[in-house]
Amino acid sequence: MKTTIQLMCSAAMVLALSACATAPAPKTIADTAAATPQLSTLNKLLGDAGLAETLRGPGPFTVFAPTNDAFKAVPAKTLDALAKDPALLRSVLSYHVVAGKVAAADVKNGPAKTVQGANVALARAGTFVTVDEAVVTMADVPVSNGVVHVIDRVLLPPTPR
């Protein structure tokens, strides 16, 4: 009787371990952007700005990720300026990142400091979340190093006076 139970336990453990070995590891923020077709512009720009490796790091980070349509709404002149100035591009993209993991349910109305250094205005009413003038269209995308919230606009940091 004891050996039958031991065999059953051993078989269950082997099955559990093999299931873990075949389950995909959670993706990082950068890997999620790379694997999500509606974030392909963001993915390219993260690479251009040298931020992809940072967003593969341990974090945790909260990223407000503009969709391809959000980037299409940015004036061509602004996109050209970003393409020609990697430091400016890095600044704009860093303005979409908050240190720490902030789930939609944890959003407090008020300012949040971005990695870029300026504050974004966060607001939540029920399940409706905004950041500056952008609306979160898909909240709480799980990633291994934080959380991603997909937004409908590109955020531009305030210009120094």
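Note that the structure is a prediction, hence the values are computed from the model and not measured. (Residues numbered from 1 in each chain as written. Predicted model: local features only at pLDDT ≥ 70, side-chain atom pairs only at ≥ 80, totals over all residues. Heavy atoms only, no water.)

**Q** Explain the pairing of strand 5 (residues 128–131) to me, please; I cannot follow it from the model alone.
**A** Bridge analysis of strand 4 (residues 119–125) against strand 5 gives four bridges, and the strand direction is antiparallel. Pairing of Ala 125 across the sheet is with Phe 128, part of strand 5. A loop of two residues connects strand 4 with strand 5, the two strands running antiparallel in sequence, and Gly 126 in this loop sits at a positive phi of about 65°. In terms of strand pairing, strand 5 meets strand 6 (residues 134–143) through two bridges, oriented antiparallel. Bridged to Thr 130 within strand 6 is Val 135. As consecutive antiparallel partners, strand 5 and strand 6 are separated by two residues, and within that stretch Asp 132 has a phi angle of approximately 50°, a positive value. (Pairing = 2+ DSSP bridges. Helix = DSSP H or I, 4+ residues; strand = E, 2+ residues; numbered from the N terminus.)

**Q** Hey, could you run me through the nonpolar core in this one?
**A** Side chains of a nonpolar character, in soluble globular proteins, are inclined to be buried together. Formed by 27 residues in total, the largest nonpolar core has its most connected members in Ile 29, Leu 46, Leu 55, Val 63 and Leu 93. Those elements that place two or more of their residues in this core are helix 2 (29–35), helix 3 (40–48), strand 1 (61–66), helix 4 (68–72), helix 6 (86–94), strand 6 and strand 7 (146–151). The contacts of Val 63, once residues within four sequence positions are left out, are Ile 29, Leu 55, His 96, Val 97, Val 147, Val 148 and His 149. Counting 15 residues, the second-largest nonpolar core is a separate cluster that includes Tyr 95, Val 129, Val 131 and Ala 134. (Core = buried A, V, L, I, M, F, W, Y, C linked by side-chain atoms within 4.5 Å. Buried < 20%, exposed > 50% of the residue type's maximum accessible area, 1.4 Å probe, protein only. Contact = heavy atoms within 4.5 Å.)

**Q** I keep staring at the pattern of salt bridges and nothing clicks. Help me out?
**A** Inspection of the entire model under this criterion finds four salt bridges. Arg 56 is the salt-bridge partner of Asp 31, the closest N and O atoms lying 2.8 Å from each other. With a gap of 25 residues between them, Asp 31 in helix 2 and Arg 56 in the loop between helix 3 and strand 1 connect regions that are remote in the sequence. Judged by its relative accessible area of 29%, Asp 31 falls in the partly exposed class. Note on Arg 56: relative accessible area 33%, which makes it partly exposed. Where Asp 48 meets Lys 44, a salt bridge forms, and the shortest distance between an N and an O atom there is 2.5 Å. Placement of the pair is Asp 48 and Lys 44 together in helix 3, with a separation of four residues, close to one helical turn. Judged by relative accessible area, which is 51%, Lys 44 ranks as exposed. (Salt bridge = Lys/Arg side-chain N within 4 Å of Asp/Glu carboxyl O.)

**Q** I'm lost on the pairing of strand 6 in this one. Help?
**A** Across a regular strand the side chains alternate sides, sitting on one face of the sheet and then on the other. Examined bridge by bridge, strand 6 and strand 7 share five bridges and lie antiparallel to one another. Bridging from a neighbouring strand, Val 141 pairs with Val 148 of strand 7. Hairpin connection from strand 6 to strand 7: two residues lie between these consecutive antiparallel strands.

**Q** Teacher, can you tell me more about the sheet that holds strand 4 here?
**A** Pairing between the strands of a sheet is mediated by backbone hydrogen bonds and can be parallel or antiparallel. Overall, mixed pairing links the seven strands, which are arranged 2-1-7-6-5-4-3 in an open sheet. For this open sheet the edge positions go to strand 2 (97–99) and strand 3 (110–113), each flanked by a neighbour on one side alone. The mean inter-strand angle of the sheet, taken between neighbouring strand axes irrespective of direction, is 35°. (Axes fitted to C-alpha atoms, helices over the stretch in contact; angles between N-to-C directions.)

**Q** Explanation requested: helix 3 in the structure shown.
**A** Of the residues making up helix 3, those classed as buried are Leu 42, Leu 45 and Leu 46. Projection of helix 3 onto a plane perpendicular to its axis shows the buried side chains occupying an angular sector of 105°, all on one side. Here the buried face of helix 3 lies against helix 2, strand 1, helix 4 and helix 6. Backbone geometry just after helix 3 places Gly 50 at a positive phi near 75°. (Arc of directions from axis to C-beta.)

**Q** So what exactly am I meant to see when it comes to the side chain of His 96 here?
**A** Here His 96 shows up in the loop between helix 6 and strand 2. Within the structure, His 96 has its side chain in polar contact with the backbone oxygen of Val 92 (distance 2.8 Å). The residues contacting His 96, other than those within four sequence positions of it, are Thr 62, Val 63, Phe 64, Pro 66, Ile 151, Val 154 and Leu 155. (Polar contact = N/O pair within 3.5 Å; in protein donor to acceptor, adjacent residues only side chain to side chain.)

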